[in-house]
Amino acid sequence: MNKNILIALFCFAGVLMMSELSYSQSGEISGTVKDAVTGEALPGANVFLQGTAIGAATNLEGKYLIRKIPPGKYTLRVSFIGYKQKEVEIQVHPKETEKLDITLEYDVVEGQAVVITAQAEGQVAAINQQLRSNTIKNVVSAERIMELPDVNAAESVGRLPGISIKRSGGEGSTVVIRGLAPTYNAITINGSKVPATSDDRSVNLSMISPEMLEGIEVTKALTADQDADAIGGTVNFKIANAPTGGFHSSFRFQGGYNNLRDEYGQYSGSFNLSNRFLNDKLGIIVTGNMSRNRRDSDTFSAGYNITREKREGEEMAPMACSNVNLVYIDQIRERAGFSLILDYKLPNGKIMMNTFTSRMDNDGNTYTNQYIEESNWHMLYFNGQESQTDILSSSLSGEHNFSFGDLDWSLSRNSSLARTPFSNEISFKETGAFDQTLIPNENFGPQVLVNAAYNNYDEMFLYSGKFRTRSGIEKDYTSQLNFKMPYTITNKIAGYIKFGGKYLNKEKERDTNYSKRRLDTNNSEYEEYHTGYGTPGFDFEKSVQGYPLVSNYIDNGFDPGNFLDGAYEFGPGLNGDELNYLLSAFLQDSLYEFISETNLDDYETLEKISAGYIMTEINFGRFLMLLPGVRYEYTENDMTGRKGWINDDTYEPDLDSVDSYVADTTATSTYSNWFPMIHARVRPAKWCDLRLAYTETISRPRLDYKLPKKKVSGSDNIVSFGRPDLAPQISKNYDLFLSFYGNDLGLLTCGGFYKEISDLIYKRSGHKILNAEKEGFAPELQGFLLDQPENNPYEARVKGWEVEWQTRLHWLPGLLDGFVLNANYTHIWSETRYPRSFVVQEKIKEFPYVLTTVIDTFRVADMLDQSDNIANISLGYDKGALSARLSMLYQGKTLSGVGERPEWDRFTTDLVRWDLSVKYRLTSQLSFFFNWNNISNEPDEVYQEQSRFITSQVFYGWTSDFGIGYTF
């Protein structure tokens, strides 16, 4: 079927080329559309010849070009939501280009001119760009980005319909689009794909500052000229070219306060410089940003056991708390970003060079107070860690306009680096830690376990130490070529045909180093490597067994404050400086042993993707637009993984021992896919349109899942395999959206979507290998538990509906005419069958007296990370020099983990977050602003569905900042 579509499109292209001979004498119209008062470009303005299917939309610079116009006299109509429509008579001559620049005036209310303000300008720009798109898309304009109190790009994207946020350190890190986890979505910068910053192909957006962006586009229904690997959607961050009009500059600086730690000292600054030279031919724009923020948190987590099976009359099996973790995180997050964009205008096109880089550093200490009921232990942990994430994107591209069509090309190199050069973990242990008379047999929660603890720190001793380093790098080399040829069959039938190709070469590798040691030994050197050693009066305390006591490493100045909003008392904190000194001075070089097990997780991969497509847009007057197309992608994978058998990760065997054997193993895989896509837009009236789309998209397997990996752990009888034969996940997507728009209404959009996803990838666990030879495994794996990724034999379904209203209430009387409203709501359903395996043992009368059986079955649940309900409301007010905006974000219950049985399913609770932004323009160039984030100090909570026990609770506190902005 897909090949037939391709043949049909090529035949159609041939017919068009023949029909073009009759229009060899056609002419052109070009120009710009700008605001009549400010002179600012109006991107997304609709420019067309009345009574025909011939027209165009303005680009980000407000420019338009209409080709293939039969000679004659026409009425050129220009419309832009929020502005008065304009009509101009124009004569088109054969083989000539008519220049026509248009200025539009903002709309009026009852004869009074309406002055467009910053918030309204941003809203109007987003509405018009969204309406002029030939697909289903949401837009955040540059003006709106600057008006929202968002600390990073993920937060800005999360205000759009159908999008929820996954958070880290109290701020957005990745986005979930239409209930599909970050791994199913694509992130691009100026159309160039950003390499993943994690193993699951997702990109951490918290390192991208919103001040560097010209706009954000989220495409939810792809066209054939876009990469097909985005089942949920594609987020494109736009960085603009230098504007005309000479030198431009803007600066912002702000200082902030963190409520959780009651600390000032946060800051953020950015600049934007641009100019054009050589008679406006050469444009240069430079942007930069730097910030330092506290991303501390108070965290509670708990685990639970089922004490027995449910009895008749009981709603659920009784449960008991097995462990509690109280975690105090002290973290500093620093960002720095820079971009340089050059564009050179040619007589018929332009050349562009774009370089974008961003780094995020996370440095901090984590203090954990852990209670373990099963082992009767009480533990204290210290973890000091440094990590960096870098993104570098460089591209060279060109756009060339010929009389017969447009050609664009690009060459790019994009890379991401995520590394942890330092991670030190040291623990202390108290045995016999609980008063067992205070712990019931069943049905008790975490508070009971904590209250039963002796908290005898005088008996807590040094127990173990670990040190890790890790780095992962991904590099993409991409080349792309597109050709677009407009055509006019009749005045009522016109459009364009577009085709092209793309080649991607992706290199990815990971390297991990891990060393550890049990430290509960009688070793006099511990005392010698304490900073207090040799100091008069220093007494290094030891247990009866001679182990170092925790009292030697307590930080007397540690103050956890109102930990977890007063719900739990944290207790003492370990001295991080002292323990880091112990590591560097003694443990790392003298005691720690390298553990080769981590080598089994290292890999090197090469992925090559070759793609080609053809598509056409056909306009039947202004009433109907059709956009059919087909894309073909061929994928090759060359992979090097590791294989080995580790009997015990607590010691490192001799080099000549078979247990220490870790070797490389290689594999290759190839697969190809066709992606038919068709879009339709119907305009029954000038104030509404209906959009429909059918698309097929792909989500490629995680590269670490496809490795030819074999990791055998003899200590816990688990064997982990990679699967080079994993198939990609394919989704069939259906969209239907209805939009109503006008100068008073703004934009009201509602619609629904439906997705059928086949070959969804999951991790198989719990399957016991009872007949190794019959199941295709080596005999020595008999009795091992299997851990490996597999393609789900069951189809997953996702469906939902969205509604969004963007409007300026300028028709209200008096002071009320300054309100600006943005509101959206999304409801999502999904159904996924999660295969599960478990072992059943039955007593029998004959040898071996126990019959062991493995049952492979499935459980039905939502897609992971899918929120049932998502809502955003932003109410702004612009009047004179004052601009204020109050924003509310709501994310409903979200499935965060699927257990072996319903009792183990984990959900995040409903999240309601309020943010406030206030701006005052002292002059046309100087402004002051104030932001207040997470006003209600809403914690992130995860609970178990049936028991309602809290498994995780994280408090981040609220933050505020005050800043100054200057534009010249």
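Nothing here was measured: the structure is a model prediction, and the numbers come from that model.

So what's going on with the sheet that holds strand 6 (residues 86-92)? Residues and values would help.
Reading across from one edge, 3-2-5-6 is the order of the four strands in this open sheet, with antiparallel pairing throughout. With partners counted over all chains shown, the strands left at the sheet margins are strand 3 (55-57) and strand 6, one partner each. Ignoring strand direction, the axes of neighbouring strands in this sheet form an average angle of 20 degrees. With seven bridges joining them, strand 5 (residues 72-79) and strand 6 adopt antiparallel strand pairing. By the bridge assignment, G72 is partnered in strand 6 with V92.

Got a sec to walk through the side chain of S427? Specific residues and values, please.
Here S427 shows up in strand 25 (residues 405-431). Note on S427: relative accessible area 1%, which makes it buried. A distance of 2.7 Å separates polar atoms of two side chains, one belonging to S427 and the other to S464. Residues contacting S427, with those up to four places away along its chain left out, are M379, L380, Y381, F461, L462, Y463 and S464.

How would you summarise the pairing of strand 49 (residues 950-955) if you had to cite specific residues and measurements?
Strand 49 sits mainly inside the fold: five of its six residues count as buried. Here strand 21 (residues 297-306) pairs with strand 49 via four bridges, running antiparallel. Looking across to strand 49, one finds that D298 is bridged to F955. Bridge analysis of strand 48 (residues 940-944) against strand 49 gives four bridges, and the strand direction is antiparallel. The partner of D940 across the bridge, within strand 49, is V954.

Give a detailed account of a nonpolar patch on the surface, specifying residues and quantitative values.
A contiguous nonpolar surface patch, about 490 Å² in accessible area, is contributed by I844, F847, Y849, V850 and L851. For I844, the position within the fold is in the loop between strand 40 (819-843) and strand 41 (850-861). I844 sits in the partly exposed class, given a relative accessible area of 31%.

Which residues make up the packing of aromatic side chains, and what values go with them?
Counted under the stated rule, the structure contains 37 aromatic pairs. Here W932 and W958 contribute two aromatic rings whose centre-to-centre distance is 5.7 Å and whose plane-to-plane angle is 70 degrees, an arrangement assigned as edge-to-face. Here W932 is found in strand 47 (residues 926-933), whereas its partner W958 is found in the loop between strand 49 and strand 50 (959-967), with 26 residues between them in sequence. Residue classification places W958 among the partly exposed residues on the basis of a relative accessible area of 23%. Cluster of aromatic residues (ring-pair linked, three or more members): Y328, Y367, F382, F558, F563 and F570. In this arrangement the basic side chain of R468 is found over the ring face of Y514, its NZ or CZ atom lying 3.8 Å from the centre. It is K893 that lies over the ring of F907; its NZ or CZ is 4.7 Å from the centre.

What counts and what doesn't
Position labels on residues start from 1 in each chain and follow its written sequence. The model is predicted, so local features are restricted to residues of pLDDT at least 70 and side-chain atom pairs to those at 80 or more, both for listing and for counting; the totals for chains, interfaces and linings are taken over all residues. Excluding hydrogens and water, the side-chain figures rest on all heavy atoms present in the structure. Pairing between strands requires that DSSP locate at least two bridges from one strand to the other. Each helix is a run of H or I in the DSSP string that is no shorter than four residues. Each strand is a run of E no shorter than two, and both are numbered from the N terminus. As a rule, the C-alpha atoms of each element are fitted with a line to give its axis, helices using only the stretch in contact, and angles between N-to-C directions run from 0 to 180 degrees. When accessible area is computed with a 1.4 Å probe and restricted to protein chains, residues below 20% of their type maximum are described as buried, those above 50% as exposed, and intermediate ones as partly exposed. Pairs of N or O atoms are called polar contacts if they sit within 3.5 Å, as long as, within protein, a hydrogen donor faces a hydrogen acceptor (for residues adjacent in sequence, only side-chain-to-side-chain pairs). Here, two residues are considered to be in contact whenever any of their heavy atoms come within 4.5 Å of each other. Without a salt bridge and with relative accessible area above 30%, a residue can belong to a patch; like charges are then joined within 9 Å and nonpolar side chains (Val, Leu, Ile, Met, Phe, Trp, Tyr) within 5 Å. Each accessible area is a Shrake-Rupley result for a 1.4 Å probe, and residues are judged covered by the shown protein chains and nothing else. Any carboxyl oxygen of Asp or Glu that lies within 4 Å of a side-chain nitrogen of Lys or Arg is treated as forming a salt bridge with it. Two rings from Phe, Tyr or Trp (for Trp, the six-membered ring) form a pair when their centres sit within 6.5 Å of each other. Planes less than 30 degrees apart are called stacked, planes more than 60 degrees apart edge-to-face, and all others tilted. Here, over-ring charges are defined by two tests on the NZ atom of lysine or the CZ atom of arginine: distance to the ring centre within 6 Å, and angle to the ring normal within 35 degrees.

Just distances and angles here, no functional claims.
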